Amino acid sequence: MPDDSPSNPRQPVDGRSDVSASLAPPGSHAAVVADPGTKAGQRQAPRPVGPAVPDFTPPPAPGPAMIEGRYVQLERLDPDRHADGLFAANQGHDWVWDYMGYGPFADLDAYRGWQAEMAVRQDPFLYALRERSGNGIGGLAAFLRIDRANGVIEIGHIQISPAMQRTPAVTEAISLMIGWAFDAGYRRVEWKCDALNAPSRRAALRYGFTYEGVFRQHMVTKGRNRDTAWFAIINHDWPRLARAHQAWLHPGNFDAQGRQRQSLAVLTGP
């Protein structure tokens, strides 16, 4: 992006260097504002502002009832279709709820009731993940914290049953959701997790999300403190990452036993 700052370096005013101009990042624009230290009649120092986003239109809210891929089908959450299968897939594995804000559930009725409450919400907007290999419903994922005005959306509420973990279906589900968001016009896709959730942090980096830091004492979850690790992909990152995802998901990347030939972390790395 071209630098719109003046071509001639600014001269010091009253013996002071122009700190505001020197700190302007490449590609930023300069806005003329009053410098508290300038005297009447002296030049005002430009200060950096972000580049204009002239063509941005708020994107639509999530809404497709189904998103289809080669390995997985994302279906709008429906407890009548999804609660029984997913409860069974998670049964006996209470650890899958360790970093979630809910669960484990005492019985199918309790889980069905939770799904019924979540299924009518527009934010979070939940999908059930169905493996196309015939293994049935194996997980959940959602769009949430949907900020259309700024083009920001988060992917979360990711809960994957043990049988579905570490399968191409899971990777494809997240890839499809990221792709849908950018195709719809979002500028930023976020991933957040408990800072102690090492598998989720590794997954974010594997997909190509950039680590942006930890919000300390961000939440109280199940009576415990939660520091939250933040990650994001922006729209300018996605074309390269999308090619990496497609290369990893290609059938040729897996041998006869279904083992990957090249890791996604390598493909999405710098």
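Keep in mind it's a predicted model, so treat the numbers as computed, not measured. (Residues numbered from 1 in each chain as written. Predicted model: local features only at pLDDT ≥ 70, side-chain atom pairs only at ≥ 80, totals over all residues. Heavy atoms only, no water.)

## Quick look at the layout of surface pockets
Part 1 of the reasoning: Of the volumes computed, that of the largest pocket is approximately 1500 Å³.
Part 2 of the reasoning: Lining the largest pocket are 47 residues, with I158, W191, N197, P199 and S200 sitting closest to its centre.
Part 3 of the reasoning: When residues in the lining of the largest pocket are grouped by element, the largest group, seven residues, is from strand β7 (residues 152–160).
Part 4 of the reasoning: Along the lines of polarity and charge, the residues of the lining of the largest pocket split into 23 nonpolar, 14 polar and 10 charged. (1 Å grid on protein atoms, 1.4 Å probe; cavity = no way out; pocket = protein on both sides within 12 Å on 5 of 7 lines; lining within 4 Å. Points joined across faces, edges and corners; volume = space filled by probe spheres on them. Helix = DSSP H or I, 4+ residues; strand = E, 2+ residues; numbered from the N terminus. Nonpolar A, V, L, I, M, F, W, Y, C, P; charged D, E, K, R; others polar.)

## With respect to the side chain of E131
Part 1 of the reasoning: Here E131 lies in strand β5 (residues 125–131).
Part 2 of the reasoning: R130 provides the closest opposite charge to the buried, salt-bridge-free E131, at an N-O distance of 10 Å.
Part 3 of the reasoning: When sequence neighbours within four positions are dropped, the list of residues in contact with E131 reads Y71, G136, M164, T167 and A169. (Buried < 20%, exposed > 50% of the residue type's maximum accessible area, 1.4 Å probe, protein only. Lys, Arg positive; Asp, Glu negative; His and termini not counted. Salt bridge = Lys/Arg side-chain N within 4 Å of Asp/Glu carboxyl O. Contact = heavy atoms within 4.5 Å.)

## Comments concerning the pattern of salt bridges
Part 1 of the reasoning: Tallying each qualifying case throughout the model produces 12 salt bridges.
Part 2 of the reasoning: Note that R130 and E75 form a salt bridge whose closest N and O atoms lie 2.6 Å from each other. One end of the pair, R130, is in strand β5; the other, E75, is in strand β4 (residues 72–76), and 55 residues separate them in sequence.
Part 3 of the reasoning: On the accessibility criterion, R130 (26% relative accessible area) is partly exposed.
Part 4 of the reasoning: Exposure remark for E75: the relative accessible area of 2% places this residue in the buried category.
Part 5 of the reasoning: Residue R112 is joined to D84 by a salt bridge in which the shortest nitrogen-to-oxygen separation is 2.3 Å.

## Brief notes about the packing of helix α4 (residues 168–184) against helix α6 (residues 238–249)
Part 1 of the reasoning: Orientation of α4 relative to α6, taken along the N-to-C sense of each, is 155°, at an axis distance of 11 Å. With respect to α6, the axis of α4 lies roughly antiparallel. Crossing hand, α4 versus α6: left-handed. In this structure, α4 contributes P168, T171, E172, S175, I178, G179 and F182 to the contact, and α6 contributes W238, H245, W248 and L249.
Part 2 of the reasoning: For the contact of α4 with α6, the class distribution of residues is six nonpolar, four polar and one charged. (Axes fitted to C-alpha atoms, helices over the stretch in contact; angles between N-to-C directions. Parallel < 35°, antiparallel > 145°, perpendicular 65-115°, else oblique. Left-handed = near helix turned anticlockwise from the far one by under 90°.)

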